[in-house]
Amino acid sequence: AQSVAQPEDQVNVAEGNPLTVKCTYSVSGNPYLFWYVQYPNRGLQFLLKYITGDNLVKGSYGFEAEFNKSQTSFHLKKPSALVSDSALYFCAVRPDRGSTLGRLYFGRGTQLTVWP
Amino acid sequence: EAQVTQNPRYLITVTGKKLTVTCSQNMNHEYMSWYRQDPGLGLRQIYYSMNVEVTDKGDVPEGYKVSRKEKRNFPLILESPSPNQTSLYFCASSFSSGRNNEQFFGPGTRLTVL
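The paragraphs below set out a description of the structure included in this document. Just so it is clear, the structure is predicted and the values come from calculations on it, not from any experiment. (Residues numbered from 1 in each chain as written. Chains lettered and ligands numbered in written order. Predicted model: local features only at pLDDT ≥ 70, side-chain atom pairs only at ≥ 80, totals over all residues. Heavy atoms only, no water.)

1. Re the overall build of chain B
Turning to step 1, where the next piece is worked out: Regarding its fold elements, chain B presents zero helices and eleven strands.
Turning to step 2, where the next piece is worked out: When the helices and strands of chain B are read in sequence order from the N terminus, they spell out β-β-β-β-β-β-β-β-β-β-β.
Turning to step 3, where the next piece is worked out: Its C-alpha atoms give chain B a radius of gyration of 13 Å, near enough to 13 Å, the size a compact globule of 114 residues would have.
Turning to step 4, where the next piece is worked out: Over its C-alpha atoms, taken along the principal directions, chain B stretches across nearly 40 × 30 × 30 Å.
Turning to step 5, where the next piece is worked out: Burial status across chain B gives 51% buried among its 114 residues.
Turning to step 6, where the next piece is worked out: Long-range pairs, those at least 24 residues apart, make up 53% of the contacts in chain B between residues at least 6 apart in sequence.
Turning to step 7, where the next piece is worked out: Of the roughly 5300 Å² of accessible surface on chain B, a fraction of 51% belongs to carbon and sulfur atoms. (Helix = DSSP H or I, 4+ residues; strand = E, 2+ residues; numbered from the N terminus. Rg over C-alpha atoms; globule rule 2.2 N^0.38 Å. Buried < 20%, exposed > 50% of the residue type's maximum accessible area, 1.4 Å probe, protein only. Contact = heavy atoms within 4.5 Å. Areas by Shrake-Rupley, 256 points an atom, 1.4 Å probe, with all protein chains shown as cover.)

2. Considering the nonpolar core
Turning to step 1, where the next piece is worked out: Core analysis: the biggest nonpolar cluster contains 29 residues, and Trp-35, Leu-47, Leu-48, Phe-74, Leu-76 and Tyr-89 of chain A have the highest contact counts within it.
Turning to step 2, where the next piece is worked out: Where this core is concerned, the elements lending two or more residues are β2 (10–14), β3 (19–21), β5 (32–38), β6 (44–50), β8 (64–68), β9 (73–78), β10 (87–94) and β12 (110–115) of chain A.
Turning to step 3, where the next piece is worked out: Sorting elements by how many residues they give to this core places β10 of chain A first, with four residues.
Turning to step 4, where the next piece is worked out: Core analysis: the next-biggest nonpolar cluster, separate from the first, contains 19 residues, Val-21, Met-27, Val-66 and Leu-76 of chain B among them. (Core = buried A, V, L, I, M, F, W, Y, C linked by side-chain atoms within 4.5 Å.)

3. Details of the interface of chain A and chain B
Turning to step 1, where the next piece is worked out: Between chain A and chain B, the residue contacts involve 27 residues of the former and 27 residues of the latter.
Turning to step 2, where the next piece is worked out: Summed over both partners, the interface of chain A with chain B comes to about 2000 Å²; 49% of that surface belongs to carbon and sulfur atoms.
Turning to step 3, where the next piece is worked out: Linking Lys-49 of chain A and Glu-102 of chain B is a salt bridge whose minimum nitrogen-to-oxygen distance equals 2.9 Å.
Turning to step 4, where the next piece is worked out: Viewed at the interface, chain B and chain A are joined by five residue pairs in polar contact (both at pLDDT 80 or more). (Buried area = accessible area lost by both parts, 1.4 Å probe. Salt bridge = Lys/Arg side-chain N within 4 Å of Asp/Glu carboxyl O. Polar contact = N/O pair within 3.5 Å; in protein donor to acceptor, adjacent residues only side chain to side chain.)

4. Remarks on the state of the cysteines
Turning to step 1, where the next piece is worked out: If you walk through the whole model with that rule in mind, you get two disulfides over all chains.
Turning to step 2, where the next piece is worked out: There is a disulfide in this structure between Cys-23 of chain A and Cys-91 of chain A, and the S-S distance comes to 2.0 Å. Disulfide Cys-23 of chain A-Cys-91 of chain A: the torsion about the S-S bond is -65°, which places it as left-handed. One end of the pair, Cys-23 of chain A, is in the loop between β3 and β4 (24–26); the other, Cys-91 of chain A, is in strand β10, and 68 residues separate them in sequence.
Turning to step 3, where the next piece is worked out: Given a relative accessible area of 0%, Cys-23 of chain A falls into the buried group.
Turning to step 4, where the next piece is worked out: Disulfide pairing is shown between Cys-23 of chain B and Cys-91 of chain B; the S-S distance is 1.8 Å. Sign of the S-S torsion, about -70° for the bond between Cys-23 of chain B and Cys-91 of chain B, identifies this disulfide as left-handed. With Cys-23 of chain B in strand β3 (residues 19–25) and Cys-91 of chain B in strand β9 (residues 87–94), the pair connects residues that are 68 residues apart, well separated along the chain.
Turning to step 5, where the next piece is worked out: On the basis of relative accessibility, which here comes to 2%, the residue Cys-23 of chain B falls in the buried class. (Disulfide = S-S within 2.5 Å.)

Structural data, given as structure tokens:
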């Protein structure tokens, strides 16, 4: 079965400090991996994706994510957090085979709070 | 402006009263999908559509119907809503079902069924 795990419901960091939001996945074949962000009362916005190639992917708003195949992880990172980064972050995976081809599976989300 | 629109944004209704939530995209996307978001559960897919007249069930299709008669529209129908369908609903679209296509999300519809 396809699944995505975000082990932390909440992550709290001080502004200016580095942040990491964790994601691990279980999917058949080679995954395509995505991060989305949801600000209050808004829909989800695409941040970045891993398709193939370089394991470090750069995305919007200074975020990046590192794909680690051996650990089946795709952690979201930012070197210096901003208060405006406070939001709900979702990791998602798309399998490459089987009847679920084309579908997107989401983690349960991690609430990031950056305090001044 | 490229976007996915949903209507209504907020809806309070009573058990058993049929309702439709509309979804429209102006990006000529083939793939469209409906999700519901519940606290602690993340987003779960209700139905999706690969193209016009092609729809399939997601993870939680019970109590919902969809149709895709036109490429731009993908309405979600609740024939007989129940309180357990109280949730935040999102429509999304992507260029195709190809794995590298990110999805674009609508602003959400908050539904309360009393």
